[in-house]
Amino acid sequence: RQSPLDRAASEIVAAMPAATPKVLRAMTRRATKDGFEPSSVLKCTDKSANLALLIQDRCNACHGKTVSDVLGSMVNNGGRYNMADLKYDIKHGRLEVLEKGADAGAIPTGKPRKDAPCAGQPLPPASVDEFFNFCQCQLKMELKQHTGGELALAGEAQKMWPSVETFITPNLGLTERWVPYHTVLGVHELFLVQSVHYNKAWDEKQRFIAMFIFRAHCKRDLFDTVQAPLMKTKQFWQDPSKAFAPGGTMEKAIVAYRKKTGNPLITSCFRIIPPRVLNDDDENLVRSVTHRTLGLIEVAEKAYPMMKDKSKTADEKLACISTMVQEAEGCGETWAKMLTVCIDLAYPKEMLLETQCDVGTGASPALRCLLPAKLNVPDKKQALKELLKIVNSAKSPHSKSFWATLKVEEALISKHFKAFPLIVSQANTKERGMSAVTLQVQLCEYRQFRHSIARHKYGLPEDPNMRGEAEKSTRLTPDNFVEYDEKRKSVVFQFPKEDTKIDFEVPIKSTGNKIVVAFSVAHKCFYRLLQGESKQEVLKYRDELVGSYRGGVESPDESEAWEVCRAHGMHGTSVCSFSMEAKDGKKFPFQTTALAAGGVLEAERIARLCWDKLKAGVKKEAVIEFRNKLYKESAASTSATPQKRKAAASESPASKDKVKNAAATAKGISGPPAKKSKSL
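S.K.: How should the overall build of the chain be read in this particular structure?
M.R.: If you tally the helices and strands in the chain, you get 29 helices and nine strands. Out of the 680 residues in the chain, the part that is buried amounts to 49%. The long-range fraction of contacts in the chain, counting pairs at least 24 apart against all pairs at least 6 apart in sequence, stands at 70%. When the accessible surface of the chain is split by element, carbon and sulfur atoms take 53% of a total near 32600 Å².

See below:
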């Protein structure tokens, strides 16, 4: 018998419109593999030669290089060029992927383009006055988009308007990239106000959690069609996390939605490439959304009582919630900024972001350009406060024109959205009272505008002064570099270090011809190199790992245990821990240790076998007994030499098809060692 929540999910799926033939073709294309490996060669297309100069330069820098050459090592607008960038360029036909060792030929030449009006002239520096004029133009477009009305501009803003319109227009519609002056009128923020904050089917806490659930993907149709109907059932709110857990009702409903409609599951504003944990592309994408949602639900559960705590100041609440978000898996400063903005819009009386705000990576360059160098404020939050003082105390004609225009525009916006007090409260700015959050968001937009005029008016790839800061962490991940080399019968990678590359390999013979285990070893070695160890030190570490691997019975290559069961800690005292949910819904921890198992790889192998049994419904006590039995078997086999084990394994090598399948599965083993948790 189906539960009420499952019945509701079935009804929702049945009511979904079927995908059009065009969408079905796109779904078929998505079902194919990426078709490239770290050693694949990249080639610029003719299309890239006729795009914006910034994109041209980026694609030209990739031409003739391998995937591993550009990932993590090439700098793109101050940040590292990553897998998301590469897949984006390939998807839009800017780059082609060739076979290993192929000749990319000459870089394509673009069609003659009209000279920029100010080509050859220096780009004027950014200024606070220009920022005021830009904000005026933002107000004009905001009113036009939401009411259809026109707003008269004053002063230099009139001359700037055509350039701002050129910048904003491509970012409207389905791209969802433009953010207006009043953040509450952004595509996603306005949706939250109208569909969540005024939804009478939920109580206050439920609306708070729903806000985080939507923000995990920001797709309005997905939320309205699948999630909101299920979230109106009592059963869902008894345990929201259970619905989003692997195999849960929400995950199944989203998978059905994806396969039936082919609609995207995350906004184009998010350039997120999900880690490979499931073989099916659609199911893997859904799992990344539900996994991220689980983390945000946990944050929301902690943040809500924090918001309701009257003993804490706004600054204390902001600091605590910001830290919670940044400590969540896969989140950082930009996520903290995005979610605290949402909370601030939902609770305007708290004035969380009136005087301070997390500064995202997009706002940092503009902040650096507009803040006088003599102030020399290294902390970005404090720097934003200083610039806010300058903006709100400015008395230039440009500032006066802005404040006058703002007053007129806010009166019209308040009248149009009078049915939504949350919007009206945001469109009520005191003169010379710009908030920290508004300044932060508009600095992001201003930076993009500066890049736009650099390209269109001055023929430059970008405004060099608005270039993003190089990321402090290289964000190198083994998934971008590790591959299986059929000829060498090894899992290999080239680790980029300054201007050189470190060649590294793990022969599959050393892991009993188990390619997935070889991938696991390669990933661990990659992270050792990333932490600064020498090649000699990592080679010794590799030999210690494979030398202690007993082999024997293993989890199926397609088992999720390969992703879940990863050891952490120092080599000799590594622990492989995970949590599992019992039939009564309660979660319990489980672990294996390298000390008891006789090695790190053995600890992971035993953990995988235990995970499979627990997942199949075997009782915890029985699995503990099974684990202890494997410990004893492993200890008894320590007299066997690694050479004997390799020889025994090599007598029955895996077939080519099995090796290929294992390589595809192994590509999903990603991420640094998991965090330590309390276990049995």
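Once the structure has been displayed, the description carries forward.
S.K.: Help me out: how do you make sense of the packing of aromatic side chains in this one?
M.R.: Two measures describe an aromatic ring pair: the distance that separates the ring centres and the angle between the ring planes. Counted by the stated rule, this structure contains 25 aromatic pairs. Look at F236 and F244: their rings are 6.2 Å apart centre to centre, the planes differ by 75°, and that puts the pair in the edge-to-face class. Here the aromatic residues F191, W202, F214, F223, F236, W237 and F244 are joined through ring pairs into a cluster of three or more. Lying over the aromatic face of F626, K613 brings its terminal NZ or CZ to 4.7 Å of the ring centre. The positively charged end of R627 is found above the aromatic ring belonging to F590, 5.1 Å away from the centroid.

S.K.: Just to check I follow, could you spell out the environment of K509 for this structure?
M.R.: Looking at the element boundaries, K509 is found in the loop between strand 7 (500–507) and helix 22 (515–530). With 37 residues separating them in the primary sequence, K509 and V546 have C-alpha atoms 9.8 Å apart.

S.K.: Is there a simple way to explain the packing of helix 6 (residues 128–147) against helix 19 (residues 397–416) in this structure?
M.R.: Look at helix 6 against helix 19: their axes get within 9 Å of each other, and the N-to-C directions meet at 15°. Considering their axes alone, helix 6 and helix 19 lie roughly parallel with respect to each other. Pair helix 6 / helix 19 crosses with left-handed handedness. Of the residues in helix 19, those in contact with D129, F132, N133, C135, Q136, L139, E142, L143, H146 and T147 of helix 6 are H398, S399, S401, F402, W403, T405, L406, E409, L412, I413 and H416.

S.K.: Help me out: how do you make sense of the pattern of salt bridges in this one?
M.R.: Between side chains of opposite charge, pairing is possible as soon as their charged atoms come close. Applying the stated criterion to the full structure yields 24 salt bridges. The salt bridge involving E301 is made with K205; its shortest N-O contact spans 3.1 Å. Residue E301 is located in helix 14 (residues 281–308), and its partner K205 is located in helix 9 (residues 204–215); the two are separated by 96 residues in the primary sequence. Overall, the relative accessible area of 31% leaves E301 in the partly exposed class. Of the charged contacts, one joins R608 and E554 as a salt bridge, the two residues approaching to 2.7 Å between their closest N and O atoms. On the criterion of sequence distance, the pair formed by R608 in helix 26 (residues 600–615) and E554 in the loop between helix 23 (535–547) and helix 24 (561–564) is long-range, its members being 54 residues apart. With a relative accessible area of 18%, E554 lands in the buried category. Overlapping salt bridges bring together R58, D89 and R94 as one network.

S.K.: Honestly, helix 27 (residues 620–636) in this entry has me stumped. Any pointers?
M.R.: Every α-helix winds through 3.6 residues per turn, so residues three or four apart in the chain are directed the same way. For helix 27, built from 17 residues, the straight-helix expectation of 24 Å at 1.5 Å per residue is met to within 8% by its first-to-last C-alpha distance of 25 Å. Listed in full, the buried residues belonging to helix 27 are V623, R627, L630, Y631 and S634. Summarising the axial view, the buried residues of helix 27 lie within an arc of 110°, below the 170-degree limit, and thus occupy one face. In this structure, helix 27 carries E621, E625, K629, K632 and A636 as exposed residues pointing more than 90 degrees from its buried face. Where the residues of helix 27 are buried, they touch strand 9 (587–593), helix 25 (594–597) and helix 26.

S.K.: Any chance you could explain the sheet that holds strand 6 (residues 490–497) here in plain terms?
M.R.: Note on sheets: strands pair through backbone hydrogen bonds, and any given pair is parallel or antiparallel. The sheet built from three strands is open, its strands ordered 5-6-7 with antiparallel pairing. Because the sheet does not close on itself, it has two edges, and the strands there are strand 5 (483–485) and strand 7. Neighbour to neighbour, the strand axes of the sheet diverge by 35° on average, direction disregarded. Examined bridge by bridge, strand 5 and strand 6 share three bridges and lie antiparallel to one another. Bridge assignment links E483 to a residue of strand 6, and that residue is V492. Here helix 22 sits on the sheet and contacts strand 5, strand 6 and strand 7; the angle it forms with strand 6, its principal contact strand, is near 15°.

S.K.: How should I be thinking about the nonpolar core in this particular structure?
M.R.: The tendency in soluble globular proteins is for nonpolar side chains to be buried as a group. Among the nonpolar cores identified, the biggest contains 118 residues, and F208, F223 and L443 are the most heavily contacted of them. Broken down by element, this core gets its largest block of residues, eleven residues, from helix 14. Those residues in contact with F223 that sit more than four places away from it in its chain are F191, V196, W202, A210, I213, F214, H217, A228, P229 and M231. By size, the runner-up hydrophobic cluster in this structure holds 59 residues, among which are L86, V482, F590 and A607.

S.K.: So what exactly am I meant to see when it comes to the confidence of the model for the chain here?
M.R.: Detail in the predicted coordinates should be disregarded across regions flagged by low pLDDT. Model confidence for the chain is summarised by a mean pLDDT of 81, while 80% of its residues fall at 70 or above. Note that pLDDT drops below 50 for residues 21–34; the model gives that stretch 16 contacts with residues more than four away or on any other chain. Across residues 470–474, confidence stays below pLDDT 50; counting only partners more than four residues off in sequence or on other chains, it has seven contacts.

S.K.: What is the right way to read unusual backbone geometry from this model?
M.R.: Glycine aside, the phi torsion of most residues is negative, and most peptide linkages are trans. Within the chain, K489 stands out as a residue other than glycine whose phi angle is a positive 50°. By secondary structure assignment, the location of K489 is in the loop between strand 5 and strand 6. By relative accessible area, which is 39% here, K489 ends up partly exposed.

Parameters and conventions
- Residues numbered from 1 in each chain as written.
- Predicted model: local features only at pLDDT ≥ 70, side-chain atom pairs only at ≥ 80, totals over all residues.
- Heavy atoms only, no water.
- Helix = DSSP H or I, 4+ residues; strand = E, 2+ residues; numbered from the N terminus.
- Buried < 20%, exposed > 50% of the residue type's maximum accessible area, 1.4 Å probe, protein only.
- Contact = heavy atoms within 4.5 Å.
- Areas by Shrake-Rupley, 256 points an atom, 1.4 Å probe, with all protein chains shown as cover.
- Phe/Tyr/Trp six-rings, centres within 6.5 Å; stacked < 30°, edge-to-face > 60°.
- Lys NZ or Arg CZ within 6 Å of the ring centre and 35° of its normal.
- Axes fitted to C-alpha atoms, helices over the stretch in contact; angles between N-to-C directions.
- Parallel < 35°, antiparallel > 145°, perpendicular 65-115°, else oblique.
- Left-handed = near helix turned anticlockwise from the far one by under 90°.
- Salt bridge = Lys/Arg side-chain N within 4 Å of Asp/Glu carboxyl O.
- Expected span 1.5 Å × (residues − 1).
- Arc of directions from axis to C-beta.
- Pairing = 2+ DSSP bridges.
- Core = buried A, V, L, I, M, F, W, Y, C linked by side-chain atoms within 4.5 Å.
- pLDDT = per-residue confidence, 0-100.

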